[in-house]
Amino acid sequence: MEFTTLNNGIKMPKLGLGVFRVTDLAEAEEAVYQAIKLGYRLIDTAAAYGNEQAVGRAIKRSGVDRSELFVTSKLWLTDNSYEGAQRGLEHSLNNLGLDYLDLYLIHQPVSDYYGAWRYLSEAYRAGKVRAIGVDNFTQQKLVDLINFTDIKPAVNMIEANVFNQREADQQAMVDYDVQMEAWAPFASGDNQVFDLPVLKKIGQAHGKSAAQVILRWLLQRDIVAIPKTVHINRLKENLAIFDFKLEDEEMEKIAALNTGNGFNLPEDAKGFQAMLDMSKQFSVE
């Protein structure tokens, strides 16, 4: 495993398992359990995923010492306030059966996320979380939060893949010492990403798959990746990326795949309201 050091000195694995859209709880539990047994140490979930309890059961089943794991969860947007963040964090800890989280993120930069950040800062100082960060923050909102709060986000998780490479966003994070983490590292399999000739050719040169090339490319850009899978063969494949490195020329060929097009989050009023209405079930009352 390779690690990155966050701006508060905490070490974070650069590769982990994400469980977004794993709604079958038995399947989620088994995937996390198998991942931990294989050697994964970073597990990423969220209140909005509805599977925190399954993740918690898998962690307990694994028998791996808690100190060896790096567990992330996220506060959903309907709880973006000081009081909401307090409820949300406690709810996630209870669901996971943990005394602390290694990383807790504000899932969306909407509503009173400054109030939520105030509570997260208190929770960080109290040891309930080892690091706090944000998710889906634009450069502007990230820098604004940094300039008007006492504790800097340790991580900003944004979409990043070969089609949406986010170089400018990453440079802003480097400038402010915030670790970039990628969701949708495989672009959800869109545009036949695993069949792209350039990725397959690079993979063949190293005896690796296109998926392994993508993950290696992200890690060599110093981006944390959390690919999702529930299949043990894919879990093994995704983990087997630490025995090769891409050449500069290969990195440049992958850079040429960038289109800047990604999974746009709803920014218009109707789109946001639809997302809000759909997600009220994840609010902690």
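Residues numbered from 1 in each chain as written. Predicted model: local features only at pLDDT ≥ 70, side-chain atom pairs only at ≥ 80, totals over all residues. Heavy atoms only, no water.

**Thoughts on the overall build of the protein**
Alright, step 1. Across its full length, the protein holds 11 helices and 10 strands.
Alright, step 2. The globule rule puts the C-alpha radius of gyration for 285 residues at 19 Å, and the 18 Å found for the protein is close to it.
Alright, step 3. Dimensions along the principal axes, computed over C-alpha positions, put the protein at roughly 55 × 40 × 40 Å.
Alright, step 4. When each of the 285 residues of the protein is scored for burial, the buried share is 55%.
Alright, step 5. Put simply, 75% of the contacts in the protein that link residues at least 6 apart link residues at least 24 apart.
Alright, step 6. Surface summary for the protein: the accessible area is close to 13000 Å², and the carbon and sulfur share equals 47%. (Helix = DSSP H or I, 4+ residues; strand = E, 2+ residues; numbered from the N terminus. Rg over C-alpha atoms; globule rule 2.2 N^0.38 Å. Buried < 20%, exposed > 50% of the residue type's maximum accessible area, 1.4 Å probe, protein only. Contact = heavy atoms within 4.5 Å. Areas by Shrake-Rupley, 256 points an atom, 1.4 Å probe, with all protein chains shown as cover.)

**Focus on the nonpolar core**
Side chains of a nonpolar character, in soluble globular proteins, are inclined to be buried together.
Alright, step 1. Residues Leu101, Leu199 and Ile254 are the most contacted members of the largest nonpolar core, which totals 75 residues.
Alright, step 2. Among the elements that take part in this core, helix 8 (residues 210-220) stands out by supplying 8 residues, more than any other.
Alright, step 3. Sequence-distant contacts of Leu101, that is, excluding residues within four places in its chain, are made with Arg66, Val71, Ser73, Leu89, Leu93, Leu96, Lys128, Val129 and Arg130.
Alright, step 4. The next biggest cluster of nonpolar side chains, apart from the first, holds 13 residues, and it includes Phe70, Ala131, Ala154 and Ile226. (Core = buried A, V, L, I, M, F, W, Y, C linked by side-chain atoms within 4.5 Å.)

**Observations concerning unusual backbone geometry**
Alright, step 1. We note that Arg166 has phi near 55°; this positive angle belongs to a residue other than glycine.
Alright, step 2. When you line up the elements, Arg166 lands in the loop between strand 8 (155-159) and helix 6 (167-175).
Alright, step 3. Positive phi is not limited to glycine here, since Asp222 has a value of about 65°.
Alright, step 4. Here Asp222 shows up in the loop between helix 8 and strand 10 (224-225).
Alright, step 5. The partly exposed category is assigned to Asp222, whose relative accessible area is 49%.

**A closer look at the pattern of salt bridges**
Alright, step 1. Counted according to the given criterion, the structure contains 14 salt bridges.
Alright, step 2. Among the salt bridges present, the one from Arg66 reaches Asp102, with a minimum N-O distance of 2.8 Å. With Arg66 in the loop between helix 2 (52-62) and strand 5 (70-75) and Asp102 in the loop between helix 3 (82-96) and strand 6 (103-106), the pair connects residues that are 36 residues apart, well separated along the chain. By the burial criterion, Arg66 is buried, and Asp102 matches it.
Alright, step 3. Residues joined in a network through salt bridges with shared partners are Glu29, Glu30, Arg57 and Arg61. (Salt bridge = Lys/Arg side-chain N within 4 Å of Asp/Glu carboxyl O.)

**A few points about the sheet that holds strand 10**
Alright, step 1. Ordered by their spatial adjacency, 8 strands build an open sheet running 3-4-5-6-7-8-9-10, and the pairing between neighbours is parallel. Edge positions in the sheet fall to strand 3 (16-18) and strand 10, since each of these pairs with one other strand and no more.
Alright, step 2. As defined by bridge partners, strand 9 (residues 179-183) adjoins strand 10 across 2 bridges and the pair is classed as parallel. Bridge pairing in strand 10 links Glu181 to Val224. (Pairing = 2+ DSSP bridges.)

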